[in-house]
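# Observations on the three-dimensional arrangement
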Amino acid sequence: MSGHFDAMIVGGGAAGLMCALTAGHRGKRVLVVEHANRVGKKILMSGGGRCNFTNTGATPANYLSANPHFCKSALARYTPWHFIDMVERHGIAYHEKELGQLFCDESSKLIVKMLLDECAAAGVRVETACSIERLGHGDSDDARFRLHTTRGNFSAPSLVIASGGLSIPSMGASGFGYELARNFGHAVLPTRAGLVPLTLSGKHQAPLADLAGVALPVTARCNNASFSNYLLVTHRGVSGPAILQISSFWQPGDDLRLDLLPGQDALGTLQQWQRDRPAAELKTMLGEVMPKRFAQRLCEHWLPNRPMKQYNAPQLREIAERLRDWSLVASGTEGYRTAEVTLGGVDTDELSSSTMQSRRVPGLYFIGEVVDVTGWLGGYNFQWAWASGHAAGNAV
Ligand code: FDA
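A brief report on the enclosed structure follows. These numbers come from a predicted model, not from an experiment.

### Thoughts on the sheet that holds strand S2 (residues 7-10)
The five strands are arranged S8-S3-S2-S12-S22 in an open sheet whose pairing can be described as parallel. Single-partner strands in this sheet number two, and they are strand S8 (125-127) and strand S22 (364-366). Across the sheet, the mean angle separating the axes of adjacent strands is 20 degrees when strand polarity is ignored. Where strand S12 (residues 158-161) and S22 come together, three bridges link them in parallel fashion. Bridging from a neighbouring strand, Ile161 pairs with Phe366 of S22. Across the sheet, helix H6 (residues 176-183) is in contact with S2, S12 and S22; its angle to S22 comes to roughly 140 degrees.

### A look at the nonpolar core
By size, the foremost hydrophobic cluster in this structure holds 76 residues, and its most contacted members are Phe83, Ile111, Phe366, Trp384 and Trp386. Aside from chain neighbours lying at most four places away, what touches Trp384 is Tyr63, Phe70, Cys71, Ala74, Leu75, Met356, Gly368, Val371, Val373 and Gly389. Ranked by size, the runner-up nonpolar core spans 47 residues in total, among them Leu208, Trp250, Leu282 and Ala320.

### Here's the deal with the packing of helix H8 (residues 266-276) against helix H11 (residues 313-324)
The interhelical angle for the contact between H8 and H11, taken along N-to-C directions, is 130 degrees, at an axis separation of 8 Å. Regarding the angle of H8 to H11, the classification is oblique. Here H8 and H11 pass one another in a crossing that is right-handed. Contacts between H8 and H11 involve Ala266, Leu267, Leu270, Gln271 and Gln274 on the former and, on the latter, Leu316, Arg317, Ile319, Ala320 and Leu323. Class assignment of the residues belonging to the contact of H8 with H11 gives a composition of seven nonpolar, two polar and one charged.

Each value, and the rule that gives it
- Residues numbered from 1 in each chain as written.
- Predicted model: local features only at pLDDT ≥ 70, side-chain atom pairs only at ≥ 80, totals over all residues.
- Heavy atoms only, no water.
- Pairing = 2+ DSSP bridges.
- Helix = DSSP H or I, 4+ residues; strand = E, 2+ residues; numbered from the N terminus.
- Axes fitted to C-alpha atoms, helices over the stretch in contact; angles between N-to-C directions.
- Contact = heavy atoms within 4.5 Å.
- Core = buried A, V, L, I, M, F, W, Y, C linked by side-chain atoms within 4.5 Å.
- Buried < 20%, exposed > 50% of the residue type's maximum accessible area, 1.4 Å probe, protein only.
- Parallel < 35°, antiparallel > 145°, perpendicular 65-115°, else oblique.
- Left-handed = near helix turned anticlockwise from the far one by under 90°.
- Nonpolar A, V, L, I, M, F, W, Y, C, P; charged D, E, K, R; others polar.

What follows is the structure, given as structure tokens:
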């Protein structure tokens, strides 16, 4: 099999399919090369099977990148409302869970079907189980890029790299995009797992080890970032939305602090307990505002437990301070095996922010997670995939 196209897209994930349907609707002949046996595997598993497909509050401030301005143009030109419009045209029912996060009512499968239906309507050719054996790059404007694959040889003047990040290797993730970028002289910023559970070890893990499954609201702070949401104790450490969010800002050795009474005046609360329930022990009172087992463990290992009336003012202040600014000493992360995203990636310095085209290699584009733009938890990563895919799809 062989063929000539206007654009070849490597990766049939969120960004690749969006790029394909956008270019296809412009009348371009488009080929999507996907090495997995089906497209959109991460979309299928996302949002617990219901795909948190966008966030209505997405702004550039919700993204991490060495150049925080890079994502602005694409996000402004393809907003959550553009994607919602497509979802509605396809009759897919959705709801807002919290904080602007939109999920399918039924299944993520509907999002993949929608993208594939749009691709089919736009005449896009999708080759799955198709592995690239060799990439040729020449001077001829018309066939600048030649892909030799297990399903034939293909050529095009434009090549879009939408091969994603390194998270969840079992879903088809590969370092292909980073390697290709380096081969073409692009800088690739160091990659690491993001939106990932943190691990604890030794004396920092032991007190929490048997509390797996316990969840409580916290505010997690690290490196000037702060997220208020739930913390979940796991068998190996901590997870839950507050921890996943802060994990993208944390690196080994960084100071990570938790407010265990978020939104409350800790000292005022303790003083009120002292006045109203002088005979009650601290662990009993804490057990009324957080899971009892967690309160008990706090008082066994980190806080002195006594009847409230026995604390003097400096001691109350000290306890309030520890509750407000509890140090969580993480040893590492669960890594790419469970991470939702990969931080770092192809340096945006040598990409056009309006088209995603390489400034080094005409006709070469990078979109989606392979680029050094990483969103917070909550639909922001798909919004980047749609927006960057749309930008490149309009340019190829
Ligand atoms: P994506 O990973 O989607 O696609 C890349 C594609 O390239 C894959 O199909 C892969 O098989 C293919 N590929 C790789 N190497 C190749 C090669 N050499 N040749 C051919 N093909 C190749 N985000 C969000 O906004 N809301 C959510 O609910 C979730 N939920 C979620 C759950 C889980 C478990 C994970 C792991 C991730 C999420 N995310 C998320 C993140 C989101 O899935 C992710 O940011 C986007 O899928 C990125 O889109 P891309 O198209 O860039 O990569």
